[in-house]
Amino acid sequence: MEAGEKPHSSTQTVFNKIVKFFSIIIVFILTTTVLIISKGSTLFLVSQLRYPSYPDDSAKCSQHNSSCAKYGYREELTDSSSAWLWCLFVALLFPEFLTILKSGFIVATQNFHKPSIKHVLVPLVFQTFHSIGICILFFIALPGMSSLKMALVIWSVCILPAFFKACSDRNAGSRTKTVIYKALDVMSLVVQITSLAVWTVESGDHSQIWSVATGLFFTSFGWWEAYLPYDNALVLPPFFEFLREVRDQTLHRNRQHLSNVLVSAWKIVISFTFLILLTVTLKPVSNLGDLFSTVKFKYEDTSVTYITPGGPPPIHINESYVDDCLSTRAATPYYTTPDPGDCSAFWVRICLNKSPSLAYVLCPGDTRYFSNSSSLTCYNEDTCCVARDQVDCFERENYESCTNPEEYSEYPFPEDSEVFSNWEITMKEESQSYLPILVLAVQIISTYFAYQLSYFAFETRIEISGFAIPMTFAPLFTVLSLFLMCNEFSGDTCFFDSVFPAGLFFNCSGKEDFLDFISGNWIFFLSFISQLWITSHIWTKRTQKLAKEELVFDTPFYDSLLIEQSLLLNRRMDDEKEDASNILLNKVNTKTKIIGCATMWHESKEEMIALLESVLKMDRDSNLRSRTDEDFYEWEMHIFFDNAFDASGEKVNKFVFSLLGLMKERGIELKKSVDTPYGGQLVWKLPGQTSIVCHLKDKRKIKIKKRWSQCMYIMYFLGPEFLEKLESWNEDTFEDQMEQSIFQNTYLLALDGDVTFEPDSVLKLVDLMKKDDKVGATCGRVHPTGSGLIAMYQKFEYSVGHWLQKTTEQVLGNVLCSPGCFSLFRLQSLMQNKDLNHSHLPPALVAYNTDSTEPLHCIQYDQGEDRWLCTLLIERGWRVEYCAVSDSYTACPETFSEFYNQRRRWTPSTVANLLEILKSWKMLIKQGNLSVFHVLYQILMLAGTAIGPGSIFILLVGGLKMTIEMSYWASFICNLIPVTIFILICLFGKPKHQISCAKVLSLIYGLCMIAVFFALVFDIGGSCPWSPSTVSMELTVAAFLIVGILHPAEMHYLLYGMVYYLTIPCMYMLLPIFCVFNLDDVSWGTRETAGAAGVHHSSVYDTLMDVFNPKQEIKHFEEAVVNEIKDIKNDIIPAVVKELSRLREAVMNKNNGTIQTEHEAEDSVDGHQTPSWIENIGHEETDLAKDQHELWTRITKNLKPVKNNEDQKQEIKEGLKSLKSEVFLLFLFLNSAWALGIFLMQLSSLESSAFTIDWVLCEDTEPVLAMPLNGTSVIPETTYMPLDPINFVFILFFLVILFIQFFGMLFHRIKTVGHIIATTNIFYTGRAVDILDHIHAEDISILDGRPSIGISNPMTVEEEERM
């Protein structure tokens, strides 16, 4: 490796590093924040629990403004004791409900391993103690102390983990280091125990003094799994060995789901029983019935402010009406008099309805009553009250610190009072409080986010900044925040009155000095330090990329009331032991081997160059990676060339010569040319010391086409031993699962001959494989390359398909197709079913290597082999996943004809395989390979595909009607005519004529779509911009824009959306019709020669063309003659020349007396002749090793071409025609019935509202004449624009599916960002393994008493021996 060189990795780009840098900051801030909020809300819930036997330390705000003397205050509070009790109970058990939902769904719908008694009893016992302990701690112990003390005490819940760690046989390396570590382990245990003793001594005022130590000790039983000693514990080794066995078998053999359900349900029962006993004994509510009957999560608390006015004006109370009341003050019927006791209030006499009354008025805010001669009429003019500094109060009291309500407050004097006797005015402010349920929601959400953010930090390998640091400092920040808040509250109980309702706050013991606080609680801070040491592995232990939850945490979910401790103490640490032999064995077993397997046929030189460039990058990248690099892999490349020889079999074809010339141009020397049972091999050695092996397939010796090439290389890499087992497969063949482990980390990279990719894209696929051993195949983001409108359409189509379709399938359970142009397959998945639930099915390779003997086989097996292979994997328990950050580029059809022929193959195969999946939906759900939601989604997609043409047709009817304002019937007929013409041409014409017609109609429909687009745009500016049609368009455009923004590197593909829009009728109405009517055409259709481009249908159309166009018949005759001459030249002449040469040699040998028969010459070593194809390329022959020859002979025998059986071929042909007729009739009926039904409902909606729904976004208010008895009046009537059936169809099918896919994309996008973060390095360059680098894994024969396991290419070994 040259100095300064690094393996290729696109994750090291500046952009990805910036993303990771800001992600680290954001995750750190969010995790720290939610941890503080979670702990704070938990302590707030506990602080609201009140028991008669406990001292009430809560302080209440006595008044809103303690310096105001004229007001009196009181609070009328609703009793909320039972609500707070239930909120804490729900917060405690929320994770248990989640566990039951998750594991219970698996138990109810999927196959699972039933655990033995010990696998249930052991977790049940530990969790029983844990559940009792946490109930005692939070319902009895903590409510009897201040909130600050609560936060400190819970640092002492690590007793059992500390004991287990002290008993561990961990070897820290050197003896000194081991002794120091063990001493620290023991000291941590001592500190944890001491803190309990100190609390017991110092908390004599706690009425339930026993509860703290008991609760802390029992609570620690919940975190036993992560701290079990490794091999031989220092004490009680049999006991710890038993616990390890239970833990490992429960976690790693999928037995945990039923156990989780039982344990969580038992914990709920225990907690509920404890709540009942608590109510009976400590009486947080009056009686047990009140625990259920008085629960209110909505409270109407009342704040009462009261004041006593001064004496009223010198008038008779409620005096009778006098004449001068209106005569003298008719224009100003208000008479004001100041309150003699308050400068900011006055009395007012109101003359209304000939019934004078009296009222007391408070000036608004800080104003004062302005008393002068003109003030008698000020109330009528709203000028009674002016600023404080403009009023001389004289003898009236001027309350300096009192403010009145912001508006004039008028209080009428009671009418039934005859004398004034200390009349009191009360001002009530009622507040509806949802505080209990609000605090509960905050606690649940913040705790759940803390858990998810913690897992995200491990998954993305930012565990130091995203987990360790927040978990360490968040508790300290919580204590500091509580300390400051309690000091403020102790100084002023009304300080937080605007935030917390009256009487609700943390339990605060009084104002303290910070240093006194530290010194008074020194033991608990030592407990915090001991907790740091007990959980110190969170700083030193790194996880693998994209680690699953069970590899991060030992138990499912978390303890919501002790979120920091549950996450810290559940962090797995059992693989921390450093054992050189185990590490070496693990290194051998997990060695990654990637084998590139490209299939070629008629690729151009430019396409070959693209593939070769990618292979050279892989060669260089694998050579530069050190064996200690966590992404180290072994690489080799194979190319399988279909039909590589000419008709005589003596020469390679021009495409092979093109590859040879390309290698020569690049300076890559041909090392070997080998004659093989299937044809031949060409071997090149690349600069990075890896090889390219090109397998030349002779169609006379072995089956050609992509599926058989894949079967060929799968069999080869499995080797003779497993090939023999596959040939004699039965249900017990692969009973020993360990026998298959050699293939678990060997991956086949399936490639097309024109694909371009980067090494980092391959490693991204490997990441998903390593994350989950259930993944059998992974695929990446495929980018089509090419120019022209058809290529533009495909670029947008591929983008949307990957952005929305594949991501949704991934989120719902399984991707149904991993494209053969760039996919990674686990070799183990192709020859072994995932578990015993699938043992009745043959391995995927056995089923994949099945000849097409039925009409449906030709469609399902041969037309979409990559989708069928994925179907086989899914049925056998394997997962197929999609990686959005693994990019590849492949050539796409650039002509209309080639594109239609490609989709003619893909569409029927897609539907056939989807039906195969849905047919087995019950079994697949039981196996966990599909979810119920995935099945429903695929049914919806299948229904949309089946009636898609009819839906597009009816939308075109509505669009044409809206555009040129014709009647619905006229629009229907105008759209029906071209569709009928196209169906007739498909029924009677050749495929090329069908495609020509589709081209013409595509142009016409494209112009119609332009008109519809402008009609929709103009409709936005109409009477209602929110009509159904415009809203549908706006939502669709907005969704695509958001999706594009979330894919910034690919956002430019949105520019091709206009081409996609214009071709909707062509691709979603005409193309399905073309596919159905050509269902019996099973030719490849792309990259074929002119003579084999498709099946020639004899039709009525052809006969008429021959009769009325004799030139066409002459042209066909000329083409047939030319093809016949070419066949003679290619087949007969070389054979004749070969025979003449053999006769000439025989005559010469006869003259020399050395005549031998042809078979004798072949049996003689000296008489062996170099195959003519090797001579033709100008290279020397290399002999094929004996074992290789035997292996290839067996493979060739398995893939021997099927002899032409005309009867069988005719039977399949007739079966395909029959299948086409059945599908055609069903397809035509469904779409005709659907389109006609929607159209008739549309017509009915014009006459009545039977099939319409009010579209409330568009109001239509029209005047309506009403004729009551006394006259005529105009009454406005509001109506709404109707949602007609056509718009309803679009919203129901297209927008619903679009939004399902949109939310699936959002979820998957978060995972994609996590993948980017996990594979981007900023501060480190990779994980170093503590082993001797000079020890080569392949040189180790025995490790830890077991043979080393690996897979190597025998050809490579042979080549190394020769070189």
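(A) Quick peek at the sheet that holds strand β17 (residues 775-785). Spatially, 10 strands are ordered β12-β13-β14-β11-β10-β15-β18-β17-β19-β16 in an open sheet, and the strand pairing comes out mixed. On the outer flanks of this sheet lie β12 (670-676) and β16 (756-757), each paired with one strand and no other. As paired elements, β16 and strand β19 (residues 879-891) share 2 bridges and run antiparallel to each other. If you follow threonine 756 over to β19, its bridge partner there is tyrosine 889. Contacting β10 (592-600), β11 (633-641), β14 (691-697), β15 (746-752), β16 and β19, helix α20 (residues 605-624) runs over the sheet at an angle of about 160° to β11.

(B) Representation of the packing of aromatic side chains in the model. Tallied over the full model, the rule gives 61 aromatic pairs. Here the aromatic rings of tyrosine 51 and tyrosine 54 are separated by 4.9 Å at their centres, their planes lie at 70°, and the arrangement is edge-to-face. Given the relative accessible area of 5%, tyrosine 51 is considered buried. Judged by relative accessible area, which is 8%, tyrosine 54 ranks as buried. Taken together, the ring pairs connect Tyr793, Phe796, Phe896, Phe899, Tyr900, Phe1040, Tyr1060, Tyr1068 and Phe1074 into an aromatic cluster. Taking NZ or CZ as reference, lysine 703 lies 3.9 Å from the ring centre of tryptophan 708, over its face. The ring of tryptophan 708 carries the charged tip of arginine 707 above its face, separated from the ring centre by 4.2 Å.

(C) Layout of the packing of α20 against helix α21 (residues 654-665). Taken N-terminus to C-terminus, the directions of α20 and α21 make an angle of 50°; their axes are 10 Å apart at the nearest point. The angle between α20 and α21 falls in the class oblique. Regarding α20 and α21, the two cross each other, and that crossing is right-handed. Residue-level contacts link Lys605, Met608, Ile609 and Leu612 of α20 to Phe655, Ser658, Leu659, Leu662, Met663 and Glu665 of α21. Across the contact of α20 with α21, the residue classes tally to 7 nonpolar, 1 polar and 2 charged.

(D) Structural detail: α21. Look at α21: 16 Å from first C-alpha to last across 12 residues, which is about the 16 Å you get at 1.5 Å a residue. Among the residues of α21, Phe655, Val656, Leu659, Leu660, Leu662 and Met663 are the ones counted as buried. Take α21 and look down its axis: the buried residues cluster within an arc of 160°, on one side only. In this structure, α21 carries Lys654, Lys664 and Glu665 as exposed residues pointing more than 90 degrees from its buried face. Contacts made by the buried residues of α21 are with α20, β11, β12, β13 (679-685), β14 and α41 (1172-1177).

(E) Examining the packing of α20 against helix α23 (residues 759-771) more closely. The geometry of α20 relative to α23 is characterised by a closest axis approach of 9 Å and an angle of 70° between their N-to-C directions. Classified by the angle between their axes, α20 and α23 sit roughly perpendicular to one another. Residues Lys617, Met618 and Asp621 of α20 pack against Pro759, Val762 and Leu763 of α23. Its residues assigned to classes, the contact of α20 with α23 shows 4 nonpolar, no polar and 2 charged.

(F) Here's a closer look at the environment of leucine 924. Mapped onto the elements, leucine 924 comes out in helix α30 (residues 921-927). C-alpha separation for the pair leucine 924 and arginine 876, spaced 48 residues apart in sequence, amounts to 8.9 Å. In contact with leucine 924, other than residues within four places in its own chain, are Ile874, Glu875, Ile917, Asn929 and Leu930.

(G) Local environment of the nonpolar core. Ranked by internal contacts, the top residues of the largest apolar core, which has 92 residues, are Phe138, Phe139 and Leu142. Top contributing element to this core by residue count: helix α3 (residues 117-141), with 10 residues. When near neighbours in sequence (up to four residues on either side) are disregarded, leucine 142 contacts Val46, Leu137, Met150, Val153 and Ile154. Counting residues in hydrophobic clusters, the runner-up holds 62 residues, among them Leu804, Ile947, Ile952 and Ile1073.

(H) Molecular detail of the side chain of threonine 447. Here threonine 447 shows up in helix α13 (residues 435-459). There is a polar contact of 2.7 Å between the side chain of threonine 447 and the side chain of serine 38. Those residues in contact with threonine 447, other than ones at most four positions away along the chain, are Ser38, Tyr558, Ser560 and Ile563.

(I) Geometry of the state of the cysteines. Counting across every chain of the model gives 3 disulfides. Through a disulfide, cysteine 363 is tied to cysteine 385; the S-S separation comes to 1.9 Å. On the sign convention where negative means left-handed, the S-S torsion of about -70° between cysteine 363 and cysteine 385 marks this disulfide as left-handed. Linking cysteine 363 in the loop between β5 (357-362) and β6 (368-369) with cysteine 385 in strand β7 (residues 385-386), this pair joins segments that are 22 residues apart in sequence. With respect to burial, cysteine 363 and cysteine 385 carry one shared label: buried. Here cysteine 997 stays unpaired: no disulfide links it, and the sulfur of cysteine 986, its closest cysteine neighbor, is 7.2 Å away. The exposure class assigned to cysteine 997 is buried, which follows from its relative accessible area of 13%. Between cysteine 1008, a cysteine without a disulfide, and cysteine 974, which holds the nearest cysteine sulfur, the sulfur-to-sulfur distance is 9.3 Å.

(J) Representation of helix α2 (residues 81-109) in the model. Here α2 spans 41 Å end to end across 29 residues, near enough to the 42 Å set by a 1.5 Å rise per residue. Within α2, the axis deviates most sharply at leucine 93, by approximately 45°, and proline proline 95 lies no more than four positions further along.

(K) Representation of a nonpolar patch on the surface. A surface patch of nonpolar side chains, about 810 Å² in accessible area, is lined by Val14, Ile18, Phe21, Phe22, Ile25, Ile26, Phe28, Ile29 and Leu30. Positionally, valine 14 belongs in helix α1 (residues 14-47). On the accessibility criterion, valine 14 (61% relative accessible area) is exposed.

(L) Summary view of the pairing of β12. A large share of β12 lies buried, amounting to 5 of its 7 residues. Note that β12 and β13 share 6 bridges and pair antiparallel. Across the sheet, serine 673 pairs through a bridge with leucine 682, a residue of β13. The hairpin formed by β12 and β13 contains 2 residues between the paired strands.

So, how was this worked out
- Residues numbered from 1 in each chain as written.
- Predicted model: local features only at pLDDT ≥ 70, side-chain atom pairs only at ≥ 80, totals over all residues.
- Heavy atoms only, no water.
- Pairing = 2+ DSSP bridges.
- Helix = DSSP H or I, 4+ residues; strand = E, 2+ residues; numbered from the N terminus.
- Contact = heavy atoms within 4.5 Å.
- Axes fitted to C-alpha atoms, helices over the stretch in contact; angles between N-to-C directions.
- Phe/Tyr/Trp six-rings, centres within 6.5 Å; stacked < 30°, edge-to-face > 60°.
- Buried < 20%, exposed > 50% of the residue type's maximum accessible area, 1.4 Å probe, protein only.
- Lys NZ or Arg CZ within 6 Å of the ring centre and 35° of its normal.
- Parallel < 35°, antiparallel > 145°, perpendicular 65-115°, else oblique.
- Left-handed = near helix turned anticlockwise from the far one by under 90°.
- Nonpolar A, V, L, I, M, F, W, Y, C, P; charged D, E, K, R; others polar.
- Expected span 1.5 Å × (residues − 1).
- Arc of directions from axis to C-beta.
- Core = buried A, V, L, I, M, F, W, Y, C linked by side-chain atoms within 4.5 Å.
- Polar contact = N/O pair within 3.5 Å; in protein donor to acceptor, adjacent residues only side chain to side chain.
- Disulfide = S-S within 2.5 Å.
- Bend = angle between axes of the 7 residues up to and from the residue.
- Patch = residues over 30% accessible without salt bridge, like charges linked within 9 Å, V, L, I, M, F, W, Y side chains within 5 Å.
- Areas by Shrake-Rupley, 256 points an atom, 1.4 Å probe, with all protein chains shown as cover.
- Salt bridge = Lys/Arg side-chain N within 4 Å of Asp/Glu carboxyl O.

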